[in-house]
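This is what each chain is made of:
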Amino acid sequence: MAGCVSRVELSVSCRSLLDRDLGSRSDPLCVLLQEVGGGQWAELDRTERIKNCQNPEFCKKLIVDYYFEKVQKLKFGVYDIDNKSFDLNDDDYLGGIECTLGQVVSSSLFTRPLELKQGKPAGKGTITISAEEIKDSRIVYLEIEAQNLDKKDFLGKSDPFLEFYKQSDAGTWQLVYRSEVIKNNLNPCWRKFSVPLQTFCGGDFNKPIKVQCADHDSDGSHDLIGAFETSLTHLQKAGDGSPVEFECIHLEKKQKKKSYKNSGIVRIKSCKIETEYSFLDYVMGGCQINFTVGVDFTGSNGDPKSPDSLHYISPDGINEYLIAIWSVGSVVQDYDTDKLFPAFGFGAQVPPSWQVSHEFALNFNPSNPYCQGIQGIVDAYRQILPQIRLYGPTNFSPIINHVARFAAHSAQQGTASQYFILLIITDGEITDLDQTRQAIVNASKLPMSIIIVGVGAADFKAMEFLDGDNGVLKSLTGEPAARDIVQFVPFRRFKNAPREALSQVVLAEVPKQLVSYYKWRGWPPVKLPETKNM
């Protein structure tokens, strides 16, 4: 496996974007894709959406792992977002560029004209990207409120929000954080937020930080209330009930009016710096990743003896189920020392009683369902196929709850020692959607992730619903998932792509999900990395 040299954060801004909205400006968002081989692109990250703005400076940084020895082809796409769906196919394309990460990293500011397609410019639109290596894993946490802000709106008070800028080495100001807007309030209290220390001030505690407080206008023409400059050293004095206060100054007002005092007070209630651990910190610190497979043996797959069945094993010994097991399993097995993987089937009638089972061991040994390595899972799958009858219904919840029991037992130890990945391969016709929603919401509080690979030609609407990308998944009672733990991928997107393309996309979310769980629990790696044990 190629060694990741470092992580890079990309800051993106655009100028002169096309207008796609009638009566107002576009609402742009930038998405970053990386080529994973065979002409397939996988989404790595996306910025926030900025309303009514033709010259956006995106606050959310795009994070990329940088491999020196690989040509990493990137695609930046800018879209006008007019709905809440995660899918960008229904949004207007404002242009994009293709380049390599090497090009971006080797130029201090990388600016290119946006194109709607090769050779067709997107009006006068341009995109500017700057890269910075992430060397520091600490995070700044801030709690801020303000008092007596100037009234800016004719009919109401003000709708204040904050923007933080760091000063670059060249002396320019770069946006590092934008808060939420608090409507109609001159004494706002913003929600607690965090920014990586590197993003916030480049790790330099004395670097100038400019804070602006502005009144939000829906047409994008925000009015400055006031600003001040400080540094992280100064901000750090806040905490333990003694806040640090700054006068918010509007320079033009100050010059015009002798009696001008300030445009309000911004109060830093607390400023803390904590260490953020990475996926590799946890894995190298002794976290084992346990891999379980669940295979869909329901009737909708078709008779395994028939060549049009999804379970039909072709003359060269493969089918989509086997390819999915191989490509995901071959990556995951490196992180598991004993290489023993429990593998289950669901939705079939199983001998000798021919009862329908929703969690039967592929090796027919319920007390020891472990297969030796990925090859062991493949062998068990091939052996069991002729011995069972494909049936139904398609119930996911029993196998999710099965793995969740192990994850819950492990979580009781209170250490970052075991994480569980469940791979479900299915033709997508789910029967127990409500029970599965509840099972996922319960599992979201446990050290586990669920990967669903959809085989065949079904319209996987239910699967996309379970993958919380369109918003937080909720149980039937309305309880939200504690974190997003489901990643769904339709196999047909990778039919002609190299095998590693599927595993790269399928496993892309797992490191984030593992880190998010342990961060939520406040558990450091079992063995702390030397440099971070400060």
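Please read these numbers as outputs of a predicted model, since none were measured by experiment. Position labels on residues start from 1 in each chain and follow its written sequence. Under the rules for a predicted model, residues below a pLDDT of 70 receive no local features and side-chain atom pairs below 80 are neither given nor counted, while totals for whole chains, interfaces and linings still include all residues. No hydrogens and no water enter the side-chain calculation; it runs on all heavy atoms of the structure.

Caption draft 1: Inspection of the overall build of the protein chain at higher detail. Within the protein chain, the regular secondary structure consists of twelve helices and 26 strands. Compactness check: the protein chain gives a C-alpha radius of gyration of 26 Å against a globular reference of 24 Å for 534 residues, within 12% of the reference. If you line up the protein chain on its principal axes, its C-alpha atoms span 95 × 55 × 50 Å. Using the Shrake-Rupley algorithm and a 1.4 Å probe, accessible areas are obtained, with residue cover drawn only from the displayed protein chains. In the form shown here, the protein chain has an accessible surface area of approximately 25,200 Å², with 51% of it arising from carbon and sulfur atoms. A run of DSSP states H or I qualifies as a helix once it reaches four residues; a run of E qualifies as a strand once it reaches two. Both are numbered from the N-terminal end. C-alpha atoms define the radius of gyration, and 2.2 Å times the number of residues to the power 0.38 defines the globule rule.

Caption draft 2: Representation of the side chain of Ser 444 within the structure. Here Ser 444 shows up in the loop between helix H9 (433–443) and strand S25 (448–454). What makes Ser 444 buried here is its relative accessible area of 0%. Contact partners of Ser 444, with chain neighbours within four places excluded, come to Ala 481, Ala 482, Arg 483, Ile 485 and Trp 520. Exposure categories follow from relative accessible area, calculated using a 1.4 Å probe and restricted to protein chains: below 20% of the type maximum is buried, above 50% is exposed, and the middle band is partly exposed. The contact definition used throughout considers only heavy atoms, calling two residues in contact when any of these lie within 4.5 Å.

Caption draft 3: Region of the structure containing the packing of aromatic side chains. Only rings of Phe, Tyr and Trp enter the pairing, Trp through its six-membered ring, and a pair is recorded when the two centres are within 6.5 Å. The plane angle decides the type: under 30 degrees is stacked, over 60 is edge-to-face, the rest tilted. Per the stated rule, a full pass over the model turns up 19 aromatic pairs. Ring-pair connections join several aromatic residues into one group, and the members of that group are Tyr 277, Tyr 282, Tyr 419, Tyr 517, Tyr 518, Trp 520 and Trp 523. For a ring to carry a charge above it, either NZ of a lysine or CZ of an arginine must fall within 6 Å of the ring centroid while also lying within 35 degrees of the normal to the ring plane. The ring centre of Tyr 165 lies 5.6 Å from the NZ or CZ of Lys 210, which sits over that ring. Cation over ring: Arg 389 sits above Trp 354, and NZ or CZ is 3.9 Å from the ring centre.

Caption draft 4: Structural view of the sheet that holds strand S13 (residues 209–215). Two strands qualify as a pair provided DSSP detects at least 2 bridges between them. With antiparallel pairing, four strands are arranged side by side in an open sheet as S11-S10-S13-S14. Where the open sheet ends on each side, the last strands, each with one partner, are strand S11 (173–178) and strand S14 (223–230). Neighbouring strand axes in the sheet, compared pairwise and without regard to direction, differ in orientation by 25 degrees on average. In this analysis an axis means a line fitted to C-alpha atoms, helices contributing only their contacting stretch, and an angle means the value between N-to-C directions, from 0 to 180 degrees.

Caption draft 5: Broad picture of the domain arrangement of the protein chain. Entries for the protein chain in the domain assignment read domain 1 (6–134), domain 2 (138–275) and domain 3 (288–499). Just so you know, the domain bounds were taken from an automatic or database domain assignment. Each of domain 2 and domain 3 has a C-alpha centre, and the two are 48 Å apart.

Caption draft 6: Fine view of the packing of helix H8 (residues 397–411) against H9. Packing of H8 against H9 brings their axes to within 9 Å, and their N-to-C directions diverge by 15 degrees. In terms of orientation, H8 lies roughly parallel with respect to H9. Judged by the twist between their axes, the crossing of H8 over H9 is left-handed. Across the interface between the two elements, Ser 397, Ile 400 and Asn 401 from H8 touch Gln 435, Thr 436, Ala 439, Ile 440 and Ala 443 from H9. Looking at the contact of H8 with H9 residue by residue, the classes come out as four nonpolar, four polar and no charged. Just so you know how the angles are binned, under 35 degrees is roughly parallel, over 145 roughly antiparallel, 65 to 115 roughly perpendicular, and the rest oblique. For any helix crossing, the convention is left-handed if the near helix is rotated counterclockwise from the far helix by under a right angle, and right-handed if that rotation is clockwise. Following the grouping adopted for this structure description, the nonpolar residues are Ala, Val, Leu, Ile, Met, Phe, Trp, Tyr, Cys and Pro, the charged ones are Asp, Glu, Lys and Arg, and the polar ones are all others, Gly among them.

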